[in-house]
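What follows is the residue order along each chain.
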Amino acid sequence: MNASNFINPFSIREDEGSFAGDFYTRNFERQARKDSIILNLGPQHPSTHGVLRVLVELDGEYVLRAEPVLGYLHRMHDKMGEVKTPYQYLPNMGRVDYLHPIAWNWAFVGAVERLASIEPPKRAEYLRIISCELNRISSHLLWWGAFVLDLGGVTPILYAFEEREMINDILQIITGSRLTMSYFRFGGVCADCDSRFIKLTKDFIPYLRERLKIYKALVTDNIILRRRLEGVGPMDTDICLRYGATGPVLRASGLSSDTRRNIPYSLYDNFEFAIPAGPSNDCFGRYLIRLFEIETSLQIIEQAIESLPDGPILIDKAPKANYKLPAGESYFAVEGARGQIGVHLVSDGGKNPYRVKLRSPGFSNLSLFAEAAKGTLLADAIAILGSLDLVIPEVDR
Amino acid sequence: MIRAVWDNIKGLYSLIVGLSITARFLFSPQKTVHYPRKVVDPESLSSFRGPLELTPAADNSAQSRCISCQACVRACPGHCLTVVKGQGKAPIVWTYNFTLCCLCAACVESCPTGALRFSHKVYMVASSRQEMVLDLLSDLEKNAAVAND
Ligand code: SF4
Ligand code: SF4
């Protein structure tokens, strides 16, 4: 785009002929071909998940250009971090990504603990791992259902919700809530698990393994799904790295990269689990890798629950509402269901942090979409969007 | 050519497998809880965080343990709580605005006397915002009266 193409949004009046519409559409239209149609998907569209808006330029059914428009769900989480004490800000973390809230809990609590040099007890670390992996499974299950729903298969989401509700029941025992959990505390976790939690979790592992077989027969092997996904939206490692994509999207492109192994945190080093890469970098590869990750998480939970140590779950004198962070900076990254979640915390020693920067994987993954959607059919573009596993509250924060 | 035919046969078979699963689940028992006719088993709600309630004092179930220290009011990130101290230490006003609450437990964990706890009310409904502003002292008395009857 050259400089003369730039329009000052404030210099245009709404009624100025062909310039009617909002700023994004007008800017998008400037580079459109004469014979193309501009279509606005969202922000209230069932297949764009939440309030994402995508502008596409179409030639017939083919996408010439696509541009996501963000910000409809911006809730100023970064700013809120600056006006609340760290302890008061903690419940916000459950709201950033409502599908994998525990990973966000972990990223923020980890950043605070690193800055304040707090070491959580061993039992708390195990509970953190178990709850985070259970939550990862529930996030992948919901993605699985919603993705197939995007492609036109309505029933699978009902199967996925059955297991998801079971995980919610299990997590509710320790976290007290079913969606926006706020379970971690600086220096541990807020509640211990009981025998019911352990029993339900132990029963759930073989049950889900059986159900995964049903998923395979019902959806993965289905010829219609395969023809919809195979070879659609390939993204190679190079483009993934250029846009900073992480998580299953990067792994499907063939790079075995996972924060749990690359920058080990907590006790993940003590567990045996594989970081799968591949098998293909198209939508179907991304589909398979997430289903495989459910199995990986089950393995981690199985090992953790077998070797759950006794002991306290919270350090003595754990930081409370009036806790002041020491001056300094810290960064903590964890592997969320969508990729690397990072929290950068800067403190000047005052009551509230000086700056909190949240790095959401969904935002970087979404940036791939504009490039991957070029030249595809509109229906395939929706498949690509679904395969990125976007959670809009997390993208917008 | 033979390969294409074979692929199509395999594809059709995969559809039949999928449909047979759907058919099997069609005739399996219902898993959802149909709310007005059935309710969730109370055991599974034992740790559910519902709206706050005051814990009754050990000797008098109509009295609260609160000493009006304001620790919960200061800890709450949503400014949901109002506690007004009376003549002694006991509060005379204890209101809780549930519309602002994020059920984070900051108040419960900061209370020095354990005067607050989460209730397990899952079926609470209200038709206006005002009804969501709860007077916890009078709720405590009502609960005590119900328990004494
Ligand atoms: S649970 Fe959290 S938001 Fe609700 S009243 Fe207590 S401190 Fe405030
Ligand atoms: S912290 Fe406890 S004792 Fe203090 S005002 Fe709140 S409820 Fe009362």
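All figures in this text were calculated on a predicted structure; none of them were measured in a lab. (Residues numbered from 1 in each chain as written. Chains lettered and ligands numbered in written order. Predicted model: local features only at pLDDT ≥ 70, side-chain atom pairs only at ≥ 80, totals over all residues. Heavy atoms only, no water.)

This part is about the site of ligand 2. With respect to spatial proximity, 13 residues lie near ligand 2, and among them Cys66, Cys69, Gln70, Cys72 and Cys111 of chain B are the closest. Looking at the shell around ligand 2 residue by residue, the classes come out as 10 nonpolar, 3 polar and no charged. (Near = heavy atom within 4 Å. Nonpolar A, V, L, I, M, F, W, Y, C, P; charged D, E, K, R; others polar.)

On to the interface of chain B and chain A, then. Counting residues at the interface gives 28 residues for chain B and 26 residues for chain A. Approximately 2200 Å² of surface area, both sides summed, lies buried where chain B meets chain A, with 52% of it carried by carbon and sulfur atoms. It is Phe25, Arg49 and Glu109 of chain B in chain B that bury the most area against chain A; as a group they hold 23% of the surface buried on that side. Across the chain B-chain A interface, the total number found is 2 salt bridges. The residue Lys31 of chain B makes a salt bridge to Glu162 of chain A at a minimum N-O spacing of 2.7 Å. The interface formed by chain B and chain A holds 14 residue pairs in polar contact (both at pLDDT 80 or more) in total. No other element matches the 10 residues that helix H1 (residues 2-26) of chain B contributes to the side of chain B that touches chain A. Its residues assigned to classes, the side of chain B that touches chain A comprises 13 nonpolar, 9 polar and 6 charged. (Contact = heavy atoms within 4.5 Å. Buried area = accessible area lost by both parts, 1.4 Å probe. Salt bridge = Lys/Arg side-chain N within 4 Å of Asp/Glu carboxyl O. Polar contact = N/O pair within 3.5 Å; in protein donor to acceptor, adjacent residues only side chain to side chain. Helix = DSSP H or I, 4+ residues; strand = E, 2+ residues; numbered from the N terminus.)

Attention now goes to the domain arrangement of chain A. Buried accessible area, meaning the area lost when the parts come together, often serves as the stated size of an interface. Annotation of chain A at the domain level lists domain 1 (3-69) and domain 2 (77-359). Relative to domain 2 of chain A, the C-alpha centre of domain 1 of chain A lies at a distance of 35 Å. (Domains from an automatic or database assignment.)

Take the sheet that holds strand S2 (residues 81-85) of chain B next. All names here are of chain B. Read from one edge of the open sheet, 3 strands run S2-S3-S5, paired in antiparallel fashion. At either end of the open sheet lies a strand with only one pairing partner, and these are S2 and strand S5 (133-135). Across the sheet, the mean angle from the axis of one strand to that of its neighbour is 15°, orientation sign disregarded. Two strands pair when backbone bridges link them, and strand S3 (residues 91-97) and S5 are joined in this way by 3 bridges, in the antiparallel orientation. Bridge pairing links Asn97 to Val133 in S5. (Pairing = 2+ DSSP bridges. Axes fitted to C-alpha atoms, helices over the stretch in contact; angles between N-to-C directions.)

So, about unusual backbone geometry. Unlike most non-glycine residues, Ser266 of chain A shows phi in positive territory, near 50°. Among the residues examined, Ser266 of chain A registers a relative accessible area of 27% and is labelled partly exposed. (Buried < 20%, exposed > 50% of the residue type's maximum accessible area, 1.4 Å probe, protein only.)

This paragraph deals with a nonpolar patch on the surface. Judged by side-chain polarity, Val33, Tyr35, Val39, Val40, Val122 and Tyr123 of chain B come together as a nonpolar surface patch covering roughly 500 Å² of accessible area. With respect to the helices, strands and loops of the structure, Val39 of chain B is situated in the loop between H1 and strand S1 (52-54). (Patch = residues over 30% accessible without salt bridge, like charges linked within 9 Å, V, L, I, M, F, W, Y side chains within 5 Å. Areas by Shrake-Rupley, 256 points an atom, 1.4 Å probe, with all protein chains shown as cover.)

Right, let's talk about the pattern of salt bridges for a bit. Residues and elements named next belong to chain A. Within this structure, the stated rule accounts for 35 salt bridges over all chains. Salt-bridge contacts for Arg65 lead to Glu57; the nearest nitrogen and oxygen are separated by 2.8 Å. In terms of burial, Arg65 and Glu57 fall into one category: buried. Arg178 is paired through a salt bridge with Glu165; the nearest N and O atoms lie 2.6 Å apart. Taken together, the residues span a long stretch of sequence, with Arg178 in the loop between helix H6 (156-175) and strand S4 (184-185) and Glu165 in helix H6 at a distance of 13 residues. The partly exposed category is assigned to Arg178, whose relative accessible area is 24%. Residues participating in the shared-partner salt-bridge network are Glu133, Arg136, Arg251, Asp258, Arg260, Glu293 and Glu335.

Attention shifts here to the nonpolar core. Ranked by internal contacts, the top residues of the largest apolar core, which has 115 residues, are Phe108, Tyr287 and Phe369 of chain A. A total of 13 residues in this core trace back to one element, the largest contributor, which is helix H5 (residues 122-150) of chain A. Contact partners of Phe369 of chain A, with chain neighbours within four places excluded, come to Val54, Ala66, Pro68, Ala381, Ile384, Leu385 and Leu388 of chain A. Membership of the second largest hydrophobic core comes to 23 residues, among which are Cys66, Cys76, Leu81 and Cys101 of chain B. (Core = buried A, V, L, I, M, F, W, Y, C linked by side-chain atoms within 4.5 Å.)

Quick look at the sheet that holds strand S8 (residues 355-359) of chain A now. All names here are of chain A. Spatially, the 3 strands line up as an open sheet ordered S6-S7-S8, and their pairing is antiparallel. The open sheet is flanked by strand S6 (328-336) and S8, the only strands paired with a single partner. Sheet twist, expressed as the average angle between the axes of neighbouring strands with direction ignored, equals 10°. Two strands pair when backbone bridges link them, and strand S7 (residues 339-347) and S8 are joined in this way by 5 bridges, in the antiparallel orientation. Within S8, the position partnered with Val346 by the bridge is Arg355. Of the strands in this sheet, S6, S7 and S8 touch helix H4 (residues 101-116), which is tilted by about 150° from S6.

Right, let's get into the side chain of Ser257 of chain A. All names here are of chain A. Position of Ser257 among the secondary structure elements: in the loop between helix H10 (248-252) and helix H11 (259-262). What makes Ser257 buried here is its relative accessible area of 18%. Those residues in contact with Ser257 that lie beyond four places of it in its chain are Leu250, Arg251, Asn262 and Ile275.

A few words on the packing of aromatic side chains. Residue and element names in this part refer to chain A. Using the criterion set out here, one finds 19 aromatic pairs over all chains in the structure. Here the aromatic rings of Trp143 and Phe147 are separated by 5.0 Å at their centres, their planes lie at 15°, and the arrangement is stacked. One end of the pair is Trp143 and the other is Phe147, both in helix H5 and 4 residues apart, which spans about a single turn. Accessibility classification places Trp143 together with Phe147 in one group, the buried group. With 6.4 Å between their ring centres and 40° between their planes, Phe204 and Tyr207 make a pair best called tilted. With a gap of 3 residues between them, Phe204 and Tyr207 both fall in helix H7 (residues 195-220), about one helical turn apart. Connected via pairs of aromatic rings, a cluster forms that spans Trp106, Tyr183, Phe184, Tyr265, Tyr268, Phe273 and Phe332. Positioned over the ring face of Phe273 is Arg261, at 4.1 Å from the centre of the ring. (Phe/Tyr/Trp six-rings, centres within 6.5 Å; stacked < 30°, edge-to-face > 60°. Lys NZ or Arg CZ within 6 Å of the ring centre and 35° of its normal.)

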